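In case you want the letters, here they are:
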Amino acid sequence: MWAYIKDNKIEEIIARPKDMVIDDVRHSRKIFTAWTWDELNAIGIYTVEAGTKGNDRFEITSSPTYTYSASGKKVTTAYTTTDRALDDANAKNEDGSDMKDPITGEQVVNYGLKTLAKNQCKITANNYIARFNWLVERSIYDSSKAIPDAVKTYVAAIRTDCSDIETAITNASDMAGFKTLYTDEFNSDGSVKTVARVNRWTSDSTVTAYIR
């Protein structure tokens, strides 16, 4: 991106090259790629350095703010980040009163990261288990076709995994603890030592023959 500076003030942030009129002179958009920075600076166009946004999974990132440095001959970008709520909270109207569903009259709830994470955990577990539903259906229509013990063991392990992950989510006392659940642990050589808790599920290597 570029910024148009006039009288040491940011007049415009330019996201993509465009024709511009500066001091009554019309310039083609080609100047953004054809001119040197010294030439662009001479007419008030400077580079815009990108800022660092927050992690959208955990944080809300503000709109950007821009600061011009005459000595640095550039514009820097800054963002303000705010942690997303871990816990559920009642939704509020603009006047601060509780927001009710217009049809049911029930309280509208803004789900926190913990609830969303637990819901995703359940979805993941169900997806793993659903791959073996055909065995359940087969056993219903043909009682002689039992569900293999390996599958039963695997499904039980997935359910235990889900329960353990949900417990870890519940026990996260703050954002730092919650983020840890999504962070892999690495060996000194850069290889993964321990997969993040929310992504660590029992291997299906013993039941691959039954997956559909």
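The preceding data block contains the structure.
Residues numbered from 1 in each chain as written. Predicted model: local features only at pLDDT ≥ 70, side-chain atom pairs only at ≥ 80, totals over all residues. Heavy atoms only, no water.

Participant: Which residues make up the pattern of salt bridges, and what values go with them?
Facilitator: Evaluation of the coordinates by the stated rule reveals nine salt bridges. Residues Arg-84 and Asp-56 are paired through a salt bridge, measuring 2.9 Å at the closest nitrogen-oxygen approach. You can see Arg-84 sitting in the loop between strand S9 (81–83) and strand S10 (89–90) and its partner Asp-56 sitting in the loop between strand S5 (45–49) and strand S6 (59–61), a full 28 residues away along the chain. Taking the relative accessible area as the measure of exposure, Asp-56 reaches 57% and is therefore exposed. The salt bridge involving Lys-122 is made with Glu-166; its shortest N-O contact spans 2.9 Å. One end of the pair, Lys-122, is in helix H3 (residues 113–130); the other, Glu-166, is in helix H5 (residues 149–171), and 44 residues separate them in sequence. (Salt bridge = Lys/Arg side-chain N within 4 Å of Asp/Glu carboxyl O. Helix = DSSP H or I, 4+ residues; strand = E, 2+ residues; numbered from the N terminus. Buried < 20%, exposed > 50% of the residue type's maximum accessible area, 1.4 Å probe, protein only.)

Participant: Break down the packing of aromatic side chains for me, citing the residues and quoting the values.
Facilitator: Evaluation of the coordinates by the stated rule reveals seven aromatic pairs. Here Trp-2 and Phe-32 contribute two aromatic rings whose centre-to-centre distance is 4.9 Å and whose plane-to-plane angle is 65°, an arrangement assigned as edge-to-face. Of this pair, Trp-2 sits in strand S1 (residues 2–6) while Phe-32 sits in helix H1 (residues 31–34), and the two are 30 residues apart along the sequence. Both residues of the pair, Trp-2 and Phe-32, belong to the buried class. Put simply, the rings of Phe-58, Phe-178 and Tyr-182 pair up and form one aromatic cluster. One Lys or Arg, Arg-212, reaches over the ring of Trp-134 and ends 3.6 Å from the middle of that ring. (Phe/Tyr/Trp six-rings, centres within 6.5 Å; stacked < 30°, edge-to-face > 60°. Lys NZ or Arg CZ within 6 Å of the ring centre and 35° of its normal.)

Participant: How would you summarise the packing of H3 against H5 if you had to cite specific residues and measurements?
Facilitator: Packing of H3 against H5 brings their axes to within 10 Å, and their N-to-C directions diverge by 175°. By the angle between their axes, H3 is roughly antiparallel relative to H5. Every residue of H5 that contacts H3 at Lys-114, Ala-117, Lys-118, Cys-121, Lys-122, Ala-125, Tyr-128 and Ile-129 is listed here: Tyr-154, Val-155, Ile-158, Arg-159, Cys-162, Ile-165, Glu-166, Ile-169 and Thr-170. The residue inventory of the contact of H3 with H5, partitioned by class, reads eleven nonpolar, one polar and five charged. (Axes fitted to C-alpha atoms, helices over the stretch in contact; angles between N-to-C directions. Parallel < 35°, antiparallel > 145°, perpendicular 65-115°, else oblique. Contact = heavy atoms within 4.5 Å. Nonpolar A, V, L, I, M, F, W, Y, C, P; charged D, E, K, R; others polar.)

Participant: Pulling in residues and values, what's your account of the state of the cysteines?
Facilitator: Counted according to the given criterion, the structure contains zero disulfides. Cysteine Cys-121 shares no disulfide, and the gap to the nearest cysteine sulfur, in Cys-162, comes to 3.3 Å. When its relative accessible area of 4% is taken as the criterion, Cys-121 is described as buried. Take Cys-162: its relative accessible area is 8%, and that puts it in the buried class. (Disulfide = S-S within 2.5 Å.)

Participant: Give a detailed account of unusual backbone geometry, specifying residues and quantitative values.
Facilitator: Located in the positive-phi region is Asp-23, a residue other than glycine, with phi close to 55°. The residue Asp-23 is located in the loop between strand S3 (20–22) and strand S4 (25–27) in this model. Positive phi, close to 65°, is recorded for Asp-24, a residue that is not glycine. Take Asp-24: it is sitting in the loop between S3 and S4.

Participant: Run through the nonpolar core, naming residues and quoting values.
Facilitator: By size, the foremost hydrophobic cluster in this structure holds 23 residues, and its most contacted members are Phe-132, Phe-178 and Trp-201. Among the secondary structure elements, those contributing two or more residues to this core are H3, H5 and helix H6 (175–180). In terms of residue count, H5 provides more of this core than any other element does, seven residues in total. Aside from chain neighbours lying at most four places away, what touches Phe-178 is Phe-58, Leu-86, Leu-113, Lys-114, Ala-117, Ile-169 and Ala-172. Membership of the second largest hydrophobic core comes to ten residues, among which are Tyr-4, Met-20, Leu-40 and Ile-45. (Core = buried A, V, L, I, M, F, W, Y, C linked by side-chain atoms within 4.5 Å.)

Structural measurements only, silent on function.
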